[in-house]
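# Structure assessment
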Amino acid sequence: MKIRAAVLREYNVPMEIEELELAEPREKEVQVKMLACGFCHSDASVWLGYIPQDVPMVPGHEACAIVEKVGPGVTKLKPGDRVIGCWMVPCGYCFQCRRGRPNLCEISMKHFQEGNLLDGTSRLTDKNGKRVGMGSFITGFATHSVMPEVGAIKVPDHIKLPPEQLCQLGCSVATGWGAVVNVAKAREGDSVAVFGCGGIGLNAIRFAALRNCNPIIAVDLEESKKQIALDFGATHFINSSKEDPVPRIKELTGGAGLDYAIEASGDPGAQVQAWYSLRAGGTVIAIGIPSIDSTTDIPMFYAPLHAKTIRGTLYGETHPTEDLPSLMEVMNTGALKTDKLVTRLITLDDLDEVREAILARKVIGRWVIKYD
Ligand SMILES: NC(=O)c1ccc[n+]([C@@H]2O[C@H](COP(=O)([O-])OP(=O)(O)OC[C@H]3O[C@@H](n4cnc5c(N)ncnc54)[C@H](O)[C@@H]3O)[C@@H](O)[C@H]2O)c1
Ligand SMILES: [Zn+2]
Ligand SMILES: [Zn+2]
């Protein structure tokens, strides 16, 4: 079928909206119509080539969609089901999957990089009949897509939230949740700072608040992020363009520093500040993804002497197929404030403007494509 999609053909060049051909779903795949897809900072980084993925491809990895057609062998989904796309689809058999780290699935990682589905091919071709890659098993910047059944998590009928909120489960909610709950295993009273109060950071703040961490210090370069960070549960806000956050964090933690510094900006400067903000025994949880060639100047002297840890995390160690259904129920209670997270509805034609805005740190919360 013919679809419309934003195609990334070259890094750092505006994406054109093209008409593409979407092939039929194959074994254990579903064809979907997109309902909503968030614009994550990682999309801007892929666009710039900071997170290199093979081009041409159609990005978009934070999507809610409705099943239109099922391929052979599909047993769990039917036309009319709403689904959330997972951007890491565990194979179940590789070393990482067998070790209980499905978010690092080796098979998925290769397809993810190359823009293929699980059989190693794409379902998209352009008007010249040339292959176009599919973004992160989801291809959310397209009106329609084909996803693996196992990576399309069903939204039960009793959940009435709109798709622009539901899609957040696919990246920002899962990553923020996982960083706090799976990785930090944060407990009541743990001191936490979150560097970068965007879509991911706000969810980390929210889950730190639900876990009764204290203090929860939000750090951002933009004063415009203060109110939403406080609304999501931060106890303090530091504008790090006006003051050095490190001494202030020390002061707010009785001189000790943090149990957890959650780095959710990807900025090398914030990574260093996060490191200096730790108490002895503390951990930097590195969510933010800097450019592939970026380096950070961290004095390792304090790693042994203060027993500090830097812990990177992909998808917050989420096991998408296990965790998204229960997170969905939590979201349905309103506790995650996803109605406040989604601050603007956009269209496929706005993507250039959105990229510029997110790079200029002007996006508050999440901007989400809403499809007709
Ligand atoms: N590890 C993962 O699995 C994963 C998943 C999704 C996103 N990410 C990454 O997480 C990061 C955040 O994504 P997002 O969608 O929330 O981005 P965003 O653009 O919505 O938010 C980033 C925030 O960081 C702030 N910021 C920028 N530089 C800063 C600095 N030096 N100090 C403090 N704040 C600063 C910005 O003002 C903004 O509020 C990105 O790097 C993204 O690629 C990682
Ligand atoms: Zn993302
Ligand atoms: Zn695997």
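Residues numbered from 1 in each chain as written. Chains lettered and ligands numbered in written order. Predicted model: local features only at pLDDT ≥ 70, side-chain atom pairs only at ≥ 80, totals over all residues.

### Re the environment of Met34
Condition: What counts as a helix is a DSSP run of H or I of at least four residues, what counts as a strand is a run of E of at least two, and both are numbered from the N terminus. Burial in this document is a count-based property: other C-beta atoms within 10 Å of a residue's C-beta are tallied, and the residue is buried at 20 or more, exposed at 12 or fewer, or partly exposed in between, with C-beta positions derived from the backbone. For the purpose of contact definition, each residue receives a C-beta atom placed from its backbone, and two residues are in contact when these atoms lie within 7 Å.
Residue placement: Met34 occurs in strand E3 (residues 29–38). Given 28 C-beta atoms within a 10 Å radius, Met34 is considered buried. Along the sequence, Met34 and Cys171 sit 137 residues apart, while their C-alpha atoms lie 16 Å from each other. In contact with Met34, other than residues within four places in its own chain, are Ala63, Ala65, Gly140, Ala142, Thr143, His144, Ser145 and Tyr371.

### Regarding the domain arrangement of the chain
Formally: Domain delimitation in this document rests on an assignment produced automatically or drawn from a domain database.
Looking at the assigned domains, one finds that the chain contains domain 1 (2–155 + 337–370) and domain 2 (176–314). For domain 1 versus domain 2, the distance between C-alpha centres works out to 29 Å. Contact residues are listed per partner, giving 18 residues for domain 1 and 15 residues for domain 2. Those elements that provide at least two residues to the side of domain 1 that touches domain 2 are helix H1 (41–48) and helix H12 (338–341). Looking at the side of domain 1 that touches domain 2 element by element, the count peaks at three residues for H1.

### A short note on the sheet that holds strand E11 (residues 192–195)
For sheets, the rule is that strands pair by backbone hydrogen bonds, running either parallel or antiparallel. Going by this rule: When DSSP finds two or more bridges between a pair of strands, those strands are recorded as paired. Every axis in this analysis is a line fitted to C-alpha atoms, fitted for helices over the stretch in contact. Angles between the N-to-C directions lie between 0 and 180 degrees.
The six strands are arranged E13-E12-E11-E14-E15-E16 in an open sheet whose pairing can be described as parallel. Each edge of the open sheet is held by one strand with a lone partner, namely strand E13 (236–239) and strand E16 (309–312). Taken over all neighbouring pairs, the strand axes of this sheet differ in orientation by 20° on average, direction set aside. The sheet contact formed by strand E15 (residues 278–286) and E16 spans four bridges and is parallel. Each bridged residue has a counterpart across the sheet, and for Val284 the counterpart in E16 is Ile310.

### Examining the packing of helix H5 (residues 172–183) against helix H11 (residues 320–332)
Short version of the rule: Here the word oblique covers every angle except those under 35 degrees (roughly parallel), over 145 (roughly antiparallel) and from 65 to 115 (roughly perpendicular).
Their axes nearest at 11 Å, the elements H5 and H11 cross at an angle of 100°. Taken together, the axes of H5 and H11 are roughly perpendicular relative to one another. Along its contact with H5, which presents Val173, Ala174 and Trp177, the element H11 presents Asp323, Leu324, Leu327 and Met331.

### So, helix H3 (residues 106–114)
Helical periodicity: at 3.6 residues per turn, an α-helix aligns residues three or four positions apart in one direction. Under the convention used in this document: To obtain the arc, one takes the directions from the helix axis to the C-beta atoms.
Residues of H3 that are buried: Ser108, His111 and Phe112. Each buried residue of H3 lies within a common arc of 105° when the element is viewed along its axis, so the set occupies one face.

### Overview of H11
Our working rule: Expected helix span is given by 1.5 Å per residue-to-residue step, counting one fewer step than there are residues.
For H11, with 13 residues, the first-to-last C-alpha span of 17 Å sits near the 18 Å given by 1.5 Å per residue. Among all positions in H11, only Pro320, Asp323, Leu324, Leu327 and Met331 are buried. Angular distribution of buried residues about the axis of H11 spans 100°; they occupy a single face of the element. Turned more than 90 degrees away from the buried face of H11 sit Glu322, Ser326 and Glu329, all of them exposed. In the core, the buried residues of H11 are packed alongside strand E6 (82–85), strand E10 (152–155), H5 and H12.

### A few points about the environment of Gly255
Mapped onto the elements of the fold, Gly255 is located in the loop between helix H8 (245–252) and strand E14 (258–263). Using a count of 8 C-beta atoms within 10 Å as the deciding quantity, one classes Gly255 as exposed. Along the primary structure Gly255 and Arg279 are separated by 24 residues, whereas in three dimensions their C-alpha atoms are 8.7 Å apart.

### A short note on the nonpolar core
Among soluble globular proteins, nonpolar side chains are generally buried collectively. Applied cut-off: Only buried residues count toward a nonpolar core: Ala, Val, Leu, Ile, Met, Phe, Trp, Tyr and Cys, linked into one set through C-beta atoms within 7 Å.
Residues Val58, Val192, Ala193, Val194, Ala204, Ile205 and Ile262 are the most contacted members of the largest nonpolar core, which totals 114 residues. The biggest single contributor to this core is H5, with seven residues. Formed jointly, this core draws a minimum of three residues from each of two domains, domain 1 (2–155 + 337–370) and domain 2 (176–314). Non-local contacts of Val192, meaning those with residues more than four positions away in its chain, are made with Ala186, Ala208, Cys213, Ile216, Leu258, Asp259, Tyr260 and Ile262.

### Side note on the site of ligand 1
Definition in use: In this text, near has one meaning. A residue is near a molecule or strand if its C-beta atom, placed using the backbone, is within 6 Å of it. Nonpolar residues are Ala, Val, Leu, Ile, Met, Phe, Trp, Tyr, Cys and Pro. Charged residues are Asp, Glu, Lys and Arg, and all others, Gly as well, are polar.
Near ligand 1 you find 34 residues, and of these His41, Gly196, Gly198, Gly266 and Asp267 are the closest. Mapped onto the shell around ligand 1, the elements with two or more residues apiece are H1, helix H6 (199–210), strand E12 (216–220) and helix H9 (268–276). Counted by class, the shell around ligand 1 contains 15 nonpolar, 14 polar and five charged residues. Both domains that furnish three or more residues to the shell around ligand 1 are identified here as domain 1 (2–155 + 337–370) and domain 2 (176–314).

### Topic: unusual backbone geometry
Here the amide bond leading from Val55 into Pro56 is cis, since omega sits at 0°, within 30 degrees of zero. With an omega dihedral of -5°, the bond running from Asn214 to Pro215 counts as a cis peptide bond. If you check the backbone angles, Lys28 has positive phi at about 55° while not being a glycine. Within the secondary structure, Lys28 is located in the loop between strand E2 (16–22) and E3. Although it is not a glycine, Ser136 adopts a positive phi angle of roughly 50°. Secondary-structure assignment places Ser136 in the loop between strand E8 (131–134) and strand E9 (144–148).

### Considering the sheet that holds strand E7 (residues 124–125)
With mixed pairing, the five strands of this open sheet are ordered in space as E1-E2-E7-E8-E4. For this open sheet the edge positions go to strand E1 (2–7) and strand E4 (57–58), each flanked by a neighbour on one side alone.

### A few points about the packing of H1 against helix H13 (residues 351–359)
Angle between the axes and distance between the axes are the two parameters that describe a pair of packed helices. Orientation of H1 relative to H13, taken along the N-to-C sense of each, is 105°, at an axis distance of 10 Å. Our classification of the angle between H1 and H13 gives roughly perpendicular. Here His41, Ala44 and Trp47 of H1 lie close against H13, whose contacting residues are Arg355, Ile358 and Leu359.

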